[in-house]
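# Coordinate analysis (summary)
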Amino acid sequence: MKKFGKVGAVLVTLGALSAVALAGGPVDQQLVIDGEIEMITRTEAPDGHPLDEVISGWHYRTGETRALEADTFENPGMLFVEQGEAAWNKIEGTEGKSCASCHGDASESMAGIGAQYPKWDADSGKPINVELQINKCRTENMGAEPLPFDKGGQKELTAYIKHQSLGTPVSIDLDAGDMQSWWKKGEEVYYTRTGQLNLSCASCHEQNNGNYIRADHLSQGNINGFPTYRLKQGALVSVHNRFRGCIRDTRAEFPAAFSDELMALEVYVTWRGSGLSVETPGVRQ
Amino acid sequence: MIGRRILTASLACAATFSVAFASGTVAPDKVEIVDGALELSLTGTPGDPVEGRKTFANRKLGNCLACHAISDQKEQLFHGEVGPELDGVADRWSEAELRAIVVNSKELFSEETVMPGFYSLDVGVNVRKDLIGKTILTAQQVEDIVAYLTTIKE
Amino acid sequence: MANAKPRVKVPKSASAGDIITIKTLISHKMESGQRKDKEGNVIPRSIINKFECSFNGQPVFSCDIDPAVSANPYLEFTAKVTEAGTFTFKWTDDDGSIYEQSKDIALK
Amino acid sequence: MKLSRRSVLSLSSGAALALVGFNSKQAFANAEDTMKAVMEFAGGVEPADGPLSLDAPEIAENGNTVPVSVSVESPMTEDDYVQSVAIFAEGNPSPDVITFNFTPMSGEASATTRMRLAKTQNVVAVAKTSTGAVFMDKKEVKVTIGGCGG
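Keep in mind it's a predicted model, so treat the numbers as computed, not measured.

In this section: the pattern of salt bridges. Per the counting criterion, the structure on display carries 25 salt bridges over all chains. One salt bridge connects Glu279 of chain A with Arg284 of chain A, and the closest N-O pair in it is separated by 3.0 Å. One exposure class covers both Glu279 of chain A and Arg284 of chain A, and it is buried. With its nearest N and O atoms 2.9 Å apart, the salt bridge here joins Arg99 of chain B to Glu143 of chain B. With a gap of 44 residues between them, Arg99 of chain B in helix α5 (residues 95-104) and Glu143 of chain B in helix α6 (residues 139-149) connect regions that are remote in the sequence. For the pair formed by Arg99 of chain B and Glu143 of chain B, the shared burial category is buried. Through salt bridges with shared partners, a single network forms among Glu69, Glu279 and Arg284 of chain A.

Okay, the pairing of strand β3 (residues 19-26) of chain C next. Residues and elements named next belong to chain C. Counting buried positions over the eight residues of β3 gives six, a clear majority of the element. Both strand β1 (residues 6-9) and β3 contribute to a ladder of four bridges, which runs antiparallel. Following the sheet pairing, Pro6 is matched in β3 by Ile26. Where β3 and strand β6 (residues 74-80) come together, seven bridges link them in antiparallel fashion. Looking at the pairing, Leu25 lines up with Tyr74 of β6.

Residues and elements named next belong to chain C. Of the strand pairs in this sheet, strand β2 (residues 13-14) and strand β8 (residues 98-107) are connected by two bridges, and their pairing is parallel. Bridge pairing in β8 places Ser13 opposite Ala106. The hairpin formed by strand β7 (residues 85-93) and β8 contains four residues between the paired strands, and Gly96 there has a positive phi angle of roughly 95°.

Time to look at the packing of aromatic side chains. On inspection of all chains with the given rule, the structure shows 21 aromatic pairs over all chains. When the centroid spacing of 4.5 Å and the interplanar angle of 35° are considered together, the rings of Phe55 of chain C and Phe87 of chain C count as tilted. Within this pair, whereas Phe55 of chain C is found in strand β4 (residues 48-55), its partner Phe87 of chain C is found in strand β7, the two being separated by 32 residues in sequence. For the pair Phe55 of chain C and Phe87 of chain C, one class covers both residues: buried. Centroid distance Phe100 of chain D to Phe102 of chain D: 6.5 Å. Interplanar angle 45°. Geometry classified as tilted. Taken together through their ring pairs, the aromatic side chains of Phe51, Phe55, Phe61, Phe77, Phe87, Phe89 and Trp91 of chain C together with Phe100 and Phe102 of chain D make up a single cluster. The ring of Tyr74 of chain C is capped by Arg114 of chain D, whose NZ or CZ atom sits 4.0 Å from the centre of that ring. A cation over an aromatic ring shows up here: Lys128 of chain D above the ring of Phe41 of chain D, its NZ or CZ 4.4 Å from the ring centre.

Attention shifts here to the sheet that holds strand β9 (residues 228-230) of chain A. Residues and elements named next belong to chain A. With mixed pairing, the three strands of this open sheet are ordered in space as β10-β9-β11. Only two strands of the sheet have a single neighbouring strand rather than two, namely β10 (235-237) and β11 (283-284). In this sheet, β10 lies alongside β9 in antiparallel orientation, the contact comprising three bridges. Note on β10: the bridge partner recorded for Arg230 is Ala235.

What follows deals with the nonpolar core. In terms of nonpolar packing, the biggest core is built from 56 residues, with Phe51, Phe87 and Phe89 of chain C together with Phe100 of chain D touching the most fellow members. Those residues in contact with Phe87 of chain C, other than ones at most four positions away along the chain, are Val10, Ile20, Ile22, Cys53, Ser54, Phe55, Val60, Ala79, Gln101, Ser102, Lys103 and Ile105 of chain C. Ranked by size, the runner-up nonpolar core spans 40 residues in total, among them Ala66, Val89, Ala100 and Ile136 of chain B.

We now examine the environment of Arg244 of chain A. All names here are of chain A. Relative to the assigned elements, Arg244 resides in helix α10 (residues 239-249). Overall, the relative accessible area of 11% leaves Arg244 in the buried class. Linking Arg244 and Thr192, residues 52 residues apart in sequence, is a C-alpha distance of 14 Å. A polar contact of 2.9 Å, which involves the side chain of Arg244, links it to the backbone oxygen of Pro255.

Quick notes on the rules
- Residues numbered from 1 in each chain as written.
- Chains lettered and ligands numbered in written order.
- Predicted model: local features only at pLDDT ≥ 70, side-chain atom pairs only at ≥ 80, totals over all residues.
- Heavy atoms only, no water.
- Salt bridge = Lys/Arg side-chain N within 4 Å of Asp/Glu carboxyl O.
- Buried < 20%, exposed > 50% of the residue type's maximum accessible area, 1.4 Å probe, protein only.
- Helix = DSSP H or I, 4+ residues; strand = E, 2+ residues; numbered from the N terminus.
- Pairing = 2+ DSSP bridges.
- Phe/Tyr/Trp six-rings, centres within 6.5 Å; stacked < 30°, edge-to-face > 60°.
- Lys NZ or Arg CZ within 6 Å of the ring centre and 35° of its normal.
- Core = buried A, V, L, I, M, F, W, Y, C linked by side-chain atoms within 4.5 Å.
- Contact = heavy atoms within 4.5 Å.
- Polar contact = N/O pair within 3.5 Å; in protein donor to acceptor, adjacent residues only side chain to side chain.

Here is the structure:
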């Protein structure tokens, strides 16, 4: 088609403008947290992945933001991880138990665990994430109310649990139960265009990762840093909050947190980031 | 694939409608892109390039700078790079082609393009309730942007 | 703010005459008083407005904070160590709450 | 029920309006207001160029959290030390950001914090010494604009 020739010719000259030129693409740097923990932030994509290399969103942020994540003192997300630790030890519910009553020291009992979620839950016949696993524990073992979405310390406790896997490569078990069909459903959600702006996750994070959309440097949209500290909100942001925010921005109605649609998306997007170190709490723009 | 229209109308046929359309506005579901072009104004009222320049930059309206860089708007910081740079766009495309691209570029390029249709009901699923049946821009805003783009020559 | 909780980083020891770097971070939403809620009402200002650091009772560093400081205020500054002792840190909230922390330092 | 834009936003667990530092539509300060604040801080002394440096990113990834550092070369003795350094933002609703107060026990006159910038603008730092000298430094920080119009 002749029109494509024209478009292609223009693409070559991209970035020639001077109205604040932004350097594109992921930054070539290694993330080492506190000068000790060497993080895997770029790795070969798993079989069947549409991209060759899986890259953490950390590489797409500015030097100042990258530095914040590399230092666990300067990372403001760690304030909330500490609050999550307090929640871990807090006795709640009719059974007089805290998380620690059964699981003890999280640095031992939860090490590496966060890297394996979402996980197949045979009881509900669905995948569950860390947030829902916490609620399952609360209702079944603690005699406590489930935490509502993003409230009651849910983000903090989730971040605390996932932080115990800092550095562990993301690896979810897609052979368990019916995980394959949830993966498939998640893939469908990922590629479905939504809203008046008619965009899918792939429009930005697969087709355009590395490009700037205005001044926003599009990443691959991996979620290995979640719950993540977002500079914009000055707070921890959960995966489902971000999913909903992105879908809303396409000018669409957006699904409920932990709905089947978003759980399937979490399974699929987590898989897309397979092999990346858990960065929780990441620091993003 | 979402509601791609089959192009059946000929240019001559579109021309015969011009009298009827001159006094009114073509509804988005009546727009017919023919051979990658839309010869006739959507409104019959000439576009205003000065308004078009503003609509182009306005983040609530065209938000064109989100994806396209253009030297003519250097006073605006941060131009995106998701779509092609638009310098000299009027040398590469005719007014009728530019109108078609702004209205619904999916009919010219492919369904794969990221560019939204700014005067099209060819949209994604689950459109926000208050926007159902509405286009991103009005017909006149499209005409204004087209008038602006036709001034962008090398 | 009920859950404001400070974090402070001070070296455990230093030689006499060393200038050390101190980092502090406290969780606080720093409501600027310049925003409106969904109903259009101004959300009242609620910030930490003052921070003070002393060493063995002597003032080392302080600051007066305005609403333009980000949520979860971060402060980094230096102190000259002349003797072993205790650093105390104090944050003052608009609502009158005071948050305090202290850290000991030894001489090498 | 017809959902208004506002009610739709309210469904989004407060992500849009409730959490950012400043509202986007409000009056902003300007260079003139800022100079007024500077002169008040400086006690009427005209600031000069001097051993004060202000460090902030050329492009801030997000205007709600912008790192900023100041540093003044000074002997920091009882006789000659930097008393305070104030930071102002020319394009915020109010120019005041923070005032750092030092003592000889500070060892150095340097400090770092994180600030909110409502838009691309100049950031100004002014230092006052115990000997009555006043220095100023200024830097433009470009604040990014998000892609999704929202």
